[in-house]
Amino acid sequence: MAIVYERPKSLAEVETHYCPGCTHGIIHRLVAEVMDELDIAGITIGIAPVGCSVFAYNYFNVDMVQAAHGRAPAIATGLKRAMPDKMIFSYQGDGDLASIGTAEIVHAAHRGENITVIFVNNAIYGMTGGQMAPTSLVGQKTTTSPYGRQEAETGRPIRISEMLATLDSTALISRVSVHNPAAVIKAKRMIKQAFIAQQKGLGFSMVEVLSTCPTNWGLSPIEALKWVEENMIPYYPLKDFKVPEEVK
Amino acid sequence: MIQRVTIFEEICKGCGLCTTACPQKILVMGKHMNSKGYHPVIVTDQSLCISCAMCARMCPDVAIKVEK
Amino acid sequence: MAEKILMKGNEALAEAALAAGCRYFFGYPITPQNEVPEYMSRRLPQLDGVFVQAESEVAAINMVYGAASTGVRCMTSSSSPGISLKQEGISYLVGSQLPCVVVNMMRGGPGLGTIQPSQSDYFQSTKGGGHGDYKMLVLAPSTVQEMVDLTMDAFDLAEKYRNPVIVLGDGMLGQMMEPVAIEPREPQEADISWATTGTLGERKPNVINSLFIKAEECEEHNEVLQAKFAKMLEEVRYEILHEDAEFFLVGYGTTARIMRSVVEMAREEGISVGLIRPITLYPFPDEAFDKVQKTAKGFLTVEMSAGQMVEDVRLAVNGRQPVRFHGRTGGMAPEPLHILAELKKLIDEVK
């Protein structure tokens, strides 16, 4: 019997703390699969943010650095400048990247740092118990927008990929999702192309991955996938904003 | 009976995402519980499995191995 | 021996860091330390080093965190408000046991304050401006040559203890020019087996981290750190002028320079006065105050602040003699005649 699918080597043999159905698990696995396929685990250093995926430093079989909330892109800059021949990726949630760490991600992109950012957008703060994030949708009920997010008071959600795509020094910007197998396959391809862009020294690459938060959305894992499709994707269109030819 | 899909019952958190992915509809949530209290998924009919591994792609916990 | 050259403090400090093998600098513009990043932006490319001007001091200290995770010698410099922005990063650097050097050319505060020299970040530097129990070696030069020497020592000490080290100067020391000799130093081989440089498939992954979610583990980690901070006590440094004097002026950095002339003026008037100059602000030189107990009758602490180190002086003296304070804030420097007048007041009080 030939193996069709099994655990990628770069994914540690540990059970994750993620809630049942949380798609962080899928995204971790895709990053690990890409590291296996490009055979780069030994020269890769990952950066874990603050948020649900803070414990990512336990989940990858690569050297990991745990970053202060929002500062992963700055830490990635320090790592990459100190070791230009190593592969550096930061794995960040929307609270980490689209709120407290927006200056850091914008300027890492603006400098064209040759790093890869996996930006997991689930439109909420998960670890701290379901608060509104800058990516929360208008009308979305959270523990800090109990009446639904009010556009008048908190503006409309921030579209990071579109924003960063306007920066000339970015090499690869793409938004994907993992709400069904086809989307997962596409997400993996983009994550792989992002790492390849870094390998080829093309500059800053970021893949925004729409993700679920069943627990804090108050939905079952399967309903959460549908919520992504019916509510998030219309506002956050899945699109390759910038993909250099060399990585296709 | 060839075993194409292996479910690691102790790792499965009973989230059900794989059941939405299986084109053959042979994955359903089990009634029994694993040691953590989750209802792991079970394969109703291995022979219908086409080893497409869509289930494994949708599993957040790498609780599924697929062979051909 | 390297020949002496006339250099501005900020630039001498930068050259000293390079001479100590530092090749990574991450900074941000803020007066009065701008010459440090400017100098580094010229020199580092010549040495295949890396200079990055970050988008903020918050980003700069985190870039240091990233570079330090690979075991290289790296540093940042800033002035008071910028150092405030770096406090979280510094606490993380300590929690993750990462060696690096942080330079603060202090300026008047609080808030935007002024760009004139000050010493009002003493508490922030020695008691910890960030969260959690932590200590750092704080080195306080009072001449440009000493700034050179202490900066070079700072890199060795940072690696020795795997802890950030603060070089605490001020706007005056940064802007003044003095002749200095900068002797390049071969950094000794540091053990960086902990660094995140890639497993190369040859070892288990290293993790740079300060999160210990289980309380028992976080306490255990704190005990490891506290043991390290205790060991750092042996790095204490200070200078005593006229150890047998009756009265002592106490001050560091720029005020210590001013008080050297006050000591001379006073002694010419027949006053038995000496100077205690802490060089490490952490560890604070308590023992210096024990050494002078045979003759000491009183201490006058002088700072360019509203009085911060004076509290540590009181702790060290522990009520054995009166401790008085004279200070100037807002970037004003204490004047010798005022210090002398305060000293005389202390003497009258004690007689």
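Keep in mind the model is a prediction, meaning the values are calculated, not measured.

So, the interface of chain A and chain B
Thinking step 1. Each partner contributes residues to the interface: chain A has 29 residues there, and chain B has 29 residues.
Thinking step 2. Counting each side, the surface lost to burial between chain A and chain B is near 2300 Å², with a carbon and sulfur contribution of 68%.
Thinking step 3. The largest share of the area that chain A buries against chain B comes from Met 1, Val 4 and Tyr 5 of chain A, three residues that together contribute 27% of it.
Thinking step 4. Viewed at the interface, chain B and chain A are joined by one salt bridge.
Thinking step 5. A salt bridge links Glu 15 of chain A to Lys 36 of chain B; its shortest N-O distance comes to 2.6 Å.
Thinking step 6. Counting every contact that joins chain A to chain B gives 10 residue pairs in polar contact (both at pLDDT 80 or more).
Thinking step 7. Elements that contribute at least two residues to the side of chain A that touches chain B include exactly strand 1 (3–5), helix 1 (24–37), helix 7 (181–199) and helix 9 (221–235) of chain A.
Thinking step 8. Looking at the side of chain A that touches chain B residue by residue, the classes come out as 18 nonpolar, seven polar and four charged.

So, the domain arrangement of chain C
All names here are of chain C.
Thinking step 1. Domains assigned within chain C are domain 1 (5–234) and domain 2 (239–350).
Thinking step 2. Taking both partners together, domain 1 and domain 2 bury about 2300 Å²; carbon and sulfur atoms supply 54% of that area.
Thinking step 3. At the boundary of domain 1 with domain 2, the tally comes to three salt bridges.
Thinking step 4. The partner of Arg 277 in a salt bridge is Glu 146, with the nearest N and O atoms 2.8 Å apart.
Thinking step 5. Linking domain 1 to domain 2 there are 18 residue pairs in polar contact (both at pLDDT 80 or more).
Thinking step 6. Of all the secondary-structure elements, those providing two or more residues to the side of domain 1 that touches domain 2 are helix 6 (122–128), strand 6 (137–139), helix 7 (144–161), strand 7 (164–170) and helix 8 (171–175).

Here we look at helix 13 (residues 336–350) of chain C
Residue and element names in this part refer to chain C.
Thinking step 1. Counted at 1.5 Å a residue, the expected span for helix 13 with its 15 residues is 21 Å, and the 21 Å between its end C-alpha atoms agrees.
Thinking step 2. All buried positions along helix 13 are accounted for by Ile 339, Leu 340, Leu 343, Leu 346 and Ile 347. One face of helix 13 carries all of its buried residues, which in axial projection span an arc of 115°. Exposed residues lying more than 90 degrees from the buried face of helix 13 are Leu 337, Lys 345 and Asp 348.
Thinking step 3. Summarising the contacts, the buried residues of helix 13 are in contact with strand 11 (247–250), helix 10 (253–268), strand 12 (273–278), strand 14 (298–303) and strand 15 (323–327).

Details of the confidence of the model for chain C
Thinking step 1. Here chain C averages 97 in pLDDT, while 100% of its residues score no lower than 70.
Thinking step 2. Two summary scores accompany this predicted model of the complex, namely pTM at 0.96 and ipTM at 0.94.

Focus: the sheet that holds strand 4 (residues 64–67) of chain B
The strands making up a sheet associate through hydrogen bonds between their backbones, and the pairing can be parallel or antiparallel.
Thinking step 1. The strand order 1(A)-4(B)-1(B) describes an open sheet built from three strands, whose pairing is antiparallel. Looking along the sheet, the strands with just one partner apiece sit at the ends: strand 1 of chain A together with strand 1 (5–7) of chain B. Each strand of the sheet is rotated relative to its neighbour by a mean of 30°, with strand direction disregarded.
Thinking step 2. Bridge analysis of strand 1 of chain A against strand 4 of chain B gives two bridges, and the strand direction is antiparallel. The partner of Tyr 5 of chain A across the bridge, within strand 4 of chain B, is Val 66 of chain B.

Considering the sheet that holds strand 2 (residues 24–27) of chain C
Residues and elements named next belong to chain C.
Thinking step 1. The strand order across the open sheet built from seven strands is 3-2-4-5-7-6-13, with neighbouring strands paired in mixed fashion. Each having just a single partner strand, strand 3 (50–53) and strand 13 (280–282) make up the two edges of the open sheet. Across the sheet, the mean angle separating the axes of adjacent strands is 20° when strand polarity is ignored.
Thinking step 2. Here three bridges tie strand 6 to strand 7, and the two strands are oriented parallel to one another. Each bridged residue has a counterpart across the sheet, and for Leu 139 the counterpart in strand 7 is Val 167.

Observations regarding the interface of chain A and chain C
Thinking step 1. In this assembly, 32 residues from chain A lie in contact with 36 residues from chain C.
Thinking step 2. Buried surface at the junction of chain A and chain C, summed over both partners, amounts to about 2400 Å²; 62% is from carbon and sulfur atoms.
Thinking step 3. It is Asp 63, Gln 66 and Arg 81 of chain A that lose the most area in chain A upon contact with chain C, and together they represent 22% of the buried surface on that side.
Thinking step 4. Applying the counting criterion to the chain A and chain C interface returns three salt bridges.
Thinking step 5. Residue Arg 203 of chain C pairs with Asp 63 of chain A through a salt bridge whose shortest N-O separation is 2.6 Å.
Thinking step 6. At the level of secondary structure, the elements contributing two or more residues to the side of chain A that touches chain C comprise strand 3 (63–66), helix 2 (72–82) and helix 4 (102–110) of chain A.
Thinking step 7. No other element matches helix 2 of chain A, which puts seven residues into the side of chain A that touches chain C.
Thinking step 8. Along the lines of polarity and charge, the residues of the side of chain A that touches chain C split into 19 nonpolar, seven polar and six charged.
Thinking step 9. With two bridges joining them, strand 3 of chain A and strand 9 (residues 207–208) of chain C adopt parallel strand pairing. Bridge pairing in strand 9 of chain C places Val 65 of chain A opposite Ile 208 of chain C.

What about the arrangement of the chains?
Thinking step 1. Among the two pairs of chains in contact, the pair with the most contacts is chains A and C.
Thinking step 2. A minimum C-alpha distance of 20 Å separates chain B and chain C, which share no contact.

Here's the deal with the state of the cysteines
Here a disulfide denotes one covalent bond, and it connects the sulfur atoms of two cysteines.
Thinking step 1. Taken as a whole and judged by the stated rule, the model has zero disulfides over all chains.
Thinking step 2. Lacking any disulfide linkage, Cys 22 of chain A is separated from the closest cysteine sulfur, that of Cys 19 of chain A, by 6.2 Å.
Thinking step 3. For Cys 22 of chain A, a relative accessible area of 8% gives the class buried.
Thinking step 4. Residue Cys 18 of chain B stays outside any disulfide, its sulfur separated by 6.3 Å from that of Cys 15 of chain B, the closest cysteine.
Thinking step 5. Classification of Cys 18 of chain B as buried rests on a relative accessible area of 8%.

Rules used in this analysis
- Residues numbered from 1 in each chain as written.
- Chains lettered and ligands numbered in written order.
- Predicted model: local features only at pLDDT ≥ 70, side-chain atom pairs only at ≥ 80, totals over all residues.
- Heavy atoms only, no water.
- Contact = heavy atoms within 4.5 Å.
- Buried area = accessible area lost by both parts, 1.4 Å probe.
- Salt bridge = Lys/Arg side-chain N within 4 Å of Asp/Glu carboxyl O.
- Polar contact = N/O pair within 3.5 Å; in protein donor to acceptor, adjacent residues only side chain to side chain.
- Helix = DSSP H or I, 4+ residues; strand = E, 2+ residues; numbered from the N terminus.
- Nonpolar A, V, L, I, M, F, W, Y, C, P; charged D, E, K, R; others polar.
- Domains from an automatic or database assignment.
- Expected span 1.5 Å × (residues − 1).
- Buried < 20%, exposed > 50% of the residue type's maximum accessible area, 1.4 Å probe, protein only.
- Arc of directions from axis to C-beta.
- pLDDT = per-residue confidence, 0-100.
- Pairing = 2+ DSSP bridges.
- Axes fitted to C-alpha atoms, helices over the stretch in contact; angles between N-to-C directions.
- Disulfide = S-S within 2.5 Å.

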